[in-house]
Amino acid sequence: MSPLLEHNADLSGLNTLGLPARATCLVRPQTLDELEQVLAERDPQAPVHVIGEGSNLVIQDDLPGLTIALALDGMIKVREDQEHVWVAAGAGVHWDDLVAWTVEQGWQGLENLSLIPGTAGAAPYQNIGAYGVELAQVLEQVTVMEIATGKVSHYSAQECDFAYRDSRFKGRDKGRFIITGIELKLNRQARCNISYGPLKQHFNDLPADAVTAAAVREQVIAIRQSKLPDPAVLANAGSFFKNPVVSAEKAQSLTAAFPQLVAYPQAEGVKLAAGWLIQAAGWKGKRLGPVGMHSEQALVLVNHGGATSIDVLALAAAVKQDVWQRFGVQLEQEPVVLP
Ligand code: EPU
């Protein structure tokens, strides 16, 4: 049976920034068969938009054509050996349910990515990352369905072109595939990454066997809750800009002028903390109409209530312009803009 199509559907609860928008036609397939059917029966001329929980989205305007909110669920152990466990999850699984389940099983690998909003299927799209770990490090493969043909295929992590908050699904294959599931390779023994400053500090005074996936998850949750607003309480889409990478020369001249600047040398260039730049430009906690930059983390744009995409994009443009004028650094927006 075809899944139900909702016409003129309200999307305000399907984007964590809480922006008002409607979809001409919304469908929530729960199985691969349903998804295949939806694609086969659609108007091939009309655009297709795919959303998860809408936690990294700016819905700029009503979405024409077909909007697919994937509801494919299921989390299973696929196989294991002496050292590793492979787990698979449907694209519609709430990401943190997957993290919580694997950590409860005593498997290690996802704990640093605790509490990231969104779905498992959205995770590879922008290569989610936090506290020293990126999805690319634990991903075994991604399963996709091609929109044009309904053909299902698998891509290994190496084939996904993962980079900082980037993948082929956001780049050369944008709009071509729907991510339907992911498979992850986790460790049976704890080999936790506690390189992130506050994590290192916390575990410094504790014995080595205290560094378990469960303990790291607990700390990550505490750190996130202290800085990042819960979208269920204060509407937001996480970091609104990427941390920009500049040349070593540019970083050097900035550090000379602003000794407090937070900068991380990379293989190529130097990554700057966009939150620091935005705070230094005076935007932390500042409002422009119904939107503002968060008072605990200046990189997060929040909707205090009643905002439209015009308000959001106006604040983003003002912050970008100010950072450019003060520091000569271009900020790049992180959330995806639809349509
Ligand atoms: N900082 C400030 N002021 C601020 C915010 C940050 O000075 O208002 C400084 C901090 O003091 C720190 C540095 O900037 O020295 C970095 O801050 P933080 O560790 O909070 O992380 P971030 O670089 O701002 C990135 C990710 C987050 C992720 C954290 C932790 C991006 C765009 N954001 O933020 O991811 O949780 O690191 O690893 O890379 C997201 O993508 O939505 C997201 C929340």
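Residues numbered from 1 in each chain as written. Predicted model: local features only at pLDDT ≥ 70, side-chain atom pairs only at ≥ 80, totals over all residues. Heavy atoms only, no water.

Inspection of the entire model under this criterion finds 13 salt bridges. One salt bridge connects Glu334 with Arg165, and the closest N-O pair in it is separated by 3.5 Å. Pair noted here: Glu334 is in the loop between helix 7 (309-327) and strand 20 (336-338) and Arg165 is in the loop between strand 11 (152-156) and strand 12 (177-187), with a separation of 169 residues, a long-range link. Take Arg165: its relative accessible area is 15%, and that puts it in the buried class. Of the charged contacts in the structure, one is a salt bridge between Lys242 and Glu332, with a shortest N-O distance of 3.3 Å. On the criterion of sequence distance, the pair formed by Lys242 in the loop between strand 13 (235-239) and strand 14 (245-246) and Glu332 in the loop between helix 7 and strand 20 is long-range, its members being 90 residues apart. The class of Lys242 is buried, set by a relative accessible area of 12%. Glu332 gets classed as partly exposed once you look at its relative accessible area, which sits at 45%. A cluster of three or more residues bridged by salt bridges with shared partners is formed by Glu146, Arg168, Asp173 and Arg176. (Salt bridge = Lys/Arg side-chain N within 4 Å of Asp/Glu carboxyl O. Helix = DSSP H or I, 4+ residues; strand = E, 2+ residues; numbered from the N terminus. Buried < 20%, exposed > 50% of the residue type's maximum accessible area, 1.4 Å probe, protein only.)

Turning our eyes to something else, we now look at the packing of helix 3 (residues 197-204) against helix 4 (residues 213-227). Their axes nearest at 11 Å, the elements helix 3 and helix 4 cross at an angle of 130 degrees. It follows that helix 3 is oblique to helix 4 by the angle criterion. Here helix 3 runs over helix 4; the crossing is right-handed. Contacts from Pro198, Leu199, His202 and Phe203 of helix 3 reach helix 4 at Ala215, Val216, Gln219, Val220 and Ile223. Grouping the constituent residues of the contact of helix 3 with helix 4 by class yields 7 nonpolar, 2 polar and no charged. (Axes fitted to C-alpha atoms, helices over the stretch in contact; angles between N-to-C directions. Parallel < 35°, antiparallel > 145°, perpendicular 65-115°, else oblique. Left-handed = near helix turned anticlockwise from the far one by under 90°. Contact = heavy atoms within 4.5 Å. Nonpolar A, V, L, I, M, F, W, Y, C, P; charged D, E, K, R; others polar.)

Another point: the packing of helix 2 (residues 95-104) against helix 4. Remark: helix 2 packs on helix 4, axes separated minimally by 9 Å, with the N-to-C direction vectors making an angle of 145 degrees. The segment helix 2 lies against helix 4, with Asp96, Val99, Ala100 and Val103 engaging Ala213, Ala214 and Arg217. For the contact of helix 2 with helix 4, a count of residues per class yields 5 nonpolar, no polar and 2 charged.

So, on to the site of the ligand. The full set close to the ligand counts 24 residues, and Tyr131, Tyr164, Tyr196, Gln279 and Ala298 are the nearest of them. The side chain of Arg165 places a nitrogen or oxygen atom 2.8 Å from an oxygen atom of the ligand. Gln297 has a polar side-chain atom sitting 2.8 Å from an oxygen atom of the ligand. Summarising the interface, the protein chains cover 82% of the accessible area of the ligand, which totals 810 Å² for the free molecule. The leading source of residues in the shell around the ligand is helix 6 (residues 274-280), at 3 residues. Considered class by class, the residues forming the shell around the ligand number 11 nonpolar, 7 polar and 6 charged. Each of domain 2 (75-227) and domain 3 (235-338) accounts for three or more of the residues forming the shell around the ligand. (Near = heavy atom within 4 Å. Polar contact = N/O pair within 3.5 Å; in protein donor to acceptor, adjacent residues only side chain to side chain. Areas by Shrake-Rupley, 256 points an atom, 1.4 Å probe, with all protein chains shown as cover. Domains from an automatic or database assignment.)

Working definition: the strands of a sheet are paired by backbone hydrogen bonds and lie parallel or antiparallel to each other. Judged by pairing direction, the sheet is antiparallel, and its 4 strands sit side by side in the order 13-19-18-17 without closing on themselves. Only two strands of the sheet have a single neighbouring strand rather than two, namely strand 13 and strand 17 (287-288). Here strand 17 pairs with strand 18 (residues 291-293) via 2 bridges, running antiparallel. When the sheet's bridge partners are listed, Arg287 is paired in strand 18 with Gly292. Across the sheet, helix 7 touches strand 17, strand 18 and strand 19 (300-303), and the angle it forms with strand 18 is around 35 degrees. (Pairing = 2+ DSSP bridges.)

Within the secondary structure, Asn56 is located in the loop between strand 3 (48-51) and strand 4 (57-59). Its relative accessible area of 15% is what places Asn56 among the buried residues. Within the local environment of Asn56, its side chain forms a polar contact with the side chain of Gln126, the two groups lying 3.5 Å apart. Contacts of Asn56, omitting those with residues within four sequence positions, involve Gln126, Ala237, Glu334, Pro335 and Val336.

The terminal C-alpha atoms of helix 4, which comprises 15 residues, lie 21 Å apart, in line with the 21 Å expected from a rise of 1.5 Å per residue. Along helix 4, the residues that are buried comprise Ala213, Val216, Arg217, Gln219, Val220, Ile221, Ile223 and Arg224. Where helix 4 is buried, its residues contact helix 2, strand 8 (129-130) and helix 3. (Expected span 1.5 Å × (residues − 1).)

Looking now at the domain arrangement of the protein. Partitioning the protein into domains gives domain 1 (5-68), domain 2 (75-227) and domain 3 (235-338). Measuring from the centre of the C-alpha atoms in domain 2 to the corresponding centre in domain 3 gives 25 Å. Facing 7 residues of domain 2, the contacting portion of domain 3 comprises 8 residues. At the boundary of domain 2 with domain 3, total buried surface from both sides reaches about 670 Å², with 48% on carbon and sulfur atoms. For the pair domain 2 and domain 3, the interface holds 1 salt bridge. Across the domain 2-domain 3 interface, the total number found is 2 residue pairs in polar contact (both at pLDDT 80 or more). The residue inventory of the side of domain 2 that touches domain 3, partitioned by class, reads 2 nonpolar, 2 polar and 3 charged. (Buried area = accessible area lost by both parts, 1.4 Å probe.)

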